[in-house]
Amino acid sequence: MTRKQHGRRARKKRQWECRETTVQSVCGSKKMAATERLQLQASSTCTLLRHRTWTDDLTAYQDEVINLLPGSLSGKALEQRAIVQELHSSSLDFFSSLQPLFSQPVESVFTYDALRWAWCSVNTRTVYMEHQHSPYMSRERNVYALAPYLDLLNHCPAIQVKASFSHVNRCYEIRSVQGCKRFQQAFICYGPHDNQRLLLEYGFVAPGNPHSVVYVDQVILQQCICITDINQLAQKLLFLKKNDFLANLTLSLDGPSWRLMTALRLLSLKTEQYPFWKSVLLGAVVSQDREEWSVDAALRLCHYLIVDNTRALDKISQLTKRADASLKEQLAVVECLRREEQGILGLNQKQLLPSRQNSMHNLI
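Computed from a prediction, not measured in an experiment: that's the story for all the values here.

Asks: How would you sum up the overall build of the protein? Please name residues and give values.
Replies: Of regular secondary structure, the protein possesses 13 helices and nine strands. Each of the 364 residues in the protein was classed as buried or not, and the buried ones make up 41%. The contacts of the protein with a sequence gap of at least 6 include a subset with a gap of at least 24, amounting to 65%. Entry remark: accessible area of the protein is about 21,000 Å², with carbon and sulfur atoms responsible for 52%.

Asks: Lay out the packing of aromatic side chains in plain terms, naming residues and giving numbers.
Replies: Counted under the stated rule, the structure contains eight aromatic pairs. When the centroid spacing of 4.6 Å and the interplanar angle of 40° are considered together, the rings of Tyr-190 and Tyr-202 count as tilted. One end of the pair, Tyr-190, is in the loop between strand 6 (187-188) and helix 7 (195-202); the other, Tyr-202, is in helix 7, with twelve residues separating them in the sequence. Judged by relative accessible area, Tyr-190 falls into the partly exposed class, the value being 27%. Taken together, the aromatic side chains of Phe-94, Phe-95, Phe-102 and Phe-110 make up a single cluster linked through ring pairs. The ring of Tyr-215 has Lys-76 lying over it, and the distance from NZ or CZ to the ring centre is 5.8 Å. Here the guanidinium or amino end of Arg-259 rests over the ring plane of Phe-245, the centre of that ring lying 5.1 Å away.

Asks: Got a sec to walk through the pattern of salt bridges? Specific residues and values, please.
Replies: Going through the model one piece at a time under the given rule, you end up with eight salt bridges. Between Glu-291 and Arg-265 there is a salt bridge, and its shortest N-O distance comes to 2.8 Å. One end of the pair, Glu-291, is in helix 12 (residues 288-321); the other, Arg-265, is in helix 10 (residues 258-268), and 26 residues separate them in sequence. The class for Glu-291 is buried, based on a relative accessible area of 13%. Salt bridges here are not isolated pairs; linked through shared partners, they connect Lys-270, Asp-289 and Arg-290.

Asks: Please give an account of the packing of helix 10 against helix 12 that cites residues and values.
Replies: The N-to-C vectors of helix 10 and helix 12 enclose an angle of 125°; their axes lie 9 Å apart at closest approach. Between helix 10 and helix 12, the angle falls in the class oblique. As helix 10 packs across helix 12, the resulting crossing turns out to be right-handed. Facing helix 10, whose interface residues are Leu-260, Met-261, Leu-264, Arg-265, Leu-267 and Ser-268, helix 12 presents Arg-290, Glu-291, Trp-293, Ser-294, Val-295, Ala-297, Ala-298 and Leu-301. Along the lines of polarity and charge, the residues of the contact of helix 10 with helix 12 split into nine nonpolar, two polar and three charged.

Asks: Now, about the environment of Val-295: what can you tell me, with residues and values included?
Replies: Checked against the element boundaries, Val-295 lands in helix 12. Spatially, the C-alpha atoms of Val-295 and Pro-256 are 9.8 Å apart, while their sequence positions differ by 39 residues.

Asks: Any details on the nonpolar core? Residues and values, ideally.
Replies: Ranked by size, the top nonpolar core spans 34 residues in total, and within it Val-216, Leu-264 and Leu-267 carry the most contacts. Counting only elements with at least two residues in this core, the list comes to helix 8 (218-224), helix 9 (230-242), helix 10, helix 12 and helix 13 (325-363). Element by element, the count of residues in this core is highest for helix 12, at nine residues. Once residues lying within four places of it in the same chain are set aside, the contact partners of Val-216 are Leu-221, Leu-249, Leu-251, Leu-260, Leu-301 and Leu-305. The next biggest cluster of nonpolar side chains, apart from the first, holds 20 residues, and it includes Leu-200, Leu-313, Ala-323 and Leu-331.

Asks: Please give an account of the sheet that holds strand 9 (residues 255-256) that cites residues and values.
Replies: Strands sit in the order 7-8-9 across an open sheet of three strands; the sheet is antiparallel. Strands with a single pairing partner mark the edges of an open sheet, and in this sheet they are strand 7 (213-215) and strand 9. Examined bridge by bridge, strand 7 and strand 8 (residues 250-252) share three bridges and lie antiparallel to one another. Bridging across to strand 8, Tyr-215 finds its partner in Thr-250.

Asks: I'd like a description of the side chain of Arg-81, backed by residues and values.
Replies: Here Arg-81 shows up in helix 4 (residues 71-90). If we ignore the near neighbours within four places in the chain, the residues touching Arg-81 are Thr-59, Tyr-61, Gln-62, Asp-63, Ile-66 and Tyr-112.

Asks: Describe the packing of helix 9 against helix 10, listing the residues and the values that go with them.
Replies: Working note: a packed helix pair is described by the angle between its axes plus the distance between those axes. It is at 10 Å that the axes of helix 9 and helix 10 come closest, and there the two elements cross at 145°. In the packing of helix 9 onto helix 10, the handedness of the crossing is right-handed. In this structure, helix 9 uses Lys-236, Leu-237, Phe-239 and Leu-240 to contact helix 10, whose residues at the interface are Ala-263, Leu-266, Leu-267 and Ser-268. By residue class, the composition of the contact of helix 9 with helix 10 is six nonpolar, one polar and one charged.

Asks: Quick one: what's the story with the pairing of strand 4 (residues 161-166), residue by residue and with numbers?
Replies: Pairing geometry for strand 4 and strand 5 (residues 171-176), over six bridges, is antiparallel. Within strand 5, the residue paired with Val-161 across the bridge is Ser-176. Hairpin connection from strand 4 to strand 5: four residues lie between these consecutive antiparallel strands, with Arg-170 at a positive phi of about 55°.

Asks: Explain unusual backbone geometry residue by residue, including any values.
Replies: Backbone geometry at Arg-170 places phi at a positive 55°, although glycine is not the residue there. A relative accessible area of 57% places Arg-170 in the exposed class.

Asks: I'd like a rundown of helix 7, residues and numbers included.
Replies: Turning to helix 7, its buried residues are Asn-195, Gln-196, Leu-198, Leu-199 and Leu-200. At the C-terminal side of helix 7, Gly-203 shows a positive phi close to 85°.

Cut-off values and rules
- Residues numbered from 1 in each chain as written.
- Predicted model: local features only at pLDDT ≥ 70, side-chain atom pairs only at ≥ 80, totals over all residues.
- Heavy atoms only, no water.
- Helix = DSSP H or I, 4+ residues; strand = E, 2+ residues; numbered from the N terminus.
- Buried < 20%, exposed > 50% of the residue type's maximum accessible area, 1.4 Å probe, protein only.
- Contact = heavy atoms within 4.5 Å.
- Areas by Shrake-Rupley, 256 points an atom, 1.4 Å probe, with all protein chains shown as cover.
- Phe/Tyr/Trp six-rings, centres within 6.5 Å; stacked < 30°, edge-to-face > 60°.
- Lys NZ or Arg CZ within 6 Å of the ring centre and 35° of its normal.
- Salt bridge = Lys/Arg side-chain N within 4 Å of Asp/Glu carboxyl O.
- Axes fitted to C-alpha atoms, helices over the stretch in contact; angles between N-to-C directions.
- Parallel < 35°, antiparallel > 145°, perpendicular 65-115°, else oblique.
- Left-handed = near helix turned anticlockwise from the far one by under 90°.
- Nonpolar A, V, L, I, M, F, W, Y, C, P; charged D, E, K, R; others polar.
- Core = buried A, V, L, I, M, F, W, Y, C linked by side-chain atoms within 4.5 Å.
- Pairing = 2+ DSSP bridges.

Here it is in structure tokens:
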């Protein structure tokens, strides 16, 4: 080893020791949650390793790209960004108290980008692992751990794995249920997540994801249903909200979800049919014209969302022409999500049209 190499190694060792000292000192002066400790440790590591260019997560997406996300996901992405911004601003005084531990200004160590990188690392790459309670930690259960190299395993929705920390072998073990052939890539499954959740929580989408769905929120629902009486509409929406039928309304590869069609059937009821709402929950058809109304409403939802996707895809095409490499990468992810949802909506239209025609035939 040359003197220059030895010097670099010694400096790196001191940097890592400084980071460890930081964490230990913080734990001694402030009781922290497990996630906070990991985020603090990762923040200092981020600056030392110069990993400040991570743009995979939605908190780093530009506003014009976030605006191209489906409505509900766009709102969640902005909420996520606000959480990280608030965490950073509320921690500035605490970061300043750590100045004696660093040779450089703490403002250059615990930057917003460093904290965002750390927050995303902990949020997306930690695994479940129980630890003994430490007197330096808060009362929150400490069940988080960062496993080196684990994030090199890519997600595949078709894979089944068993993962846990082995107290016998003293390591984190991942076992494939299907097995893995020699020289083939080893995958892991994060769970049966749809692409909106994968993008929000992990920063990517999985093409051909069998769990993909298109979400219908209350705003879209109100714009696509034909109820002219404002008071009646408000009463029906309040009823749906009280009975938890305004959340998780989706369209999937299998068609409209039971929750979505049940919500539409409840909205379709006339005033004199309200006593039959329990029958609707059990799957009963109150009348043929109300069933036709519900199918028509589902078709209007599909049409509305297809138009929204088409407009977003056109905008993405325009922005891509003048975008830099980073922006193109973000636009490509959103485009993949939008095209996947466009395909789901087209399939739902094809499935609903025969139902509409059957309803008309029964009426005749």
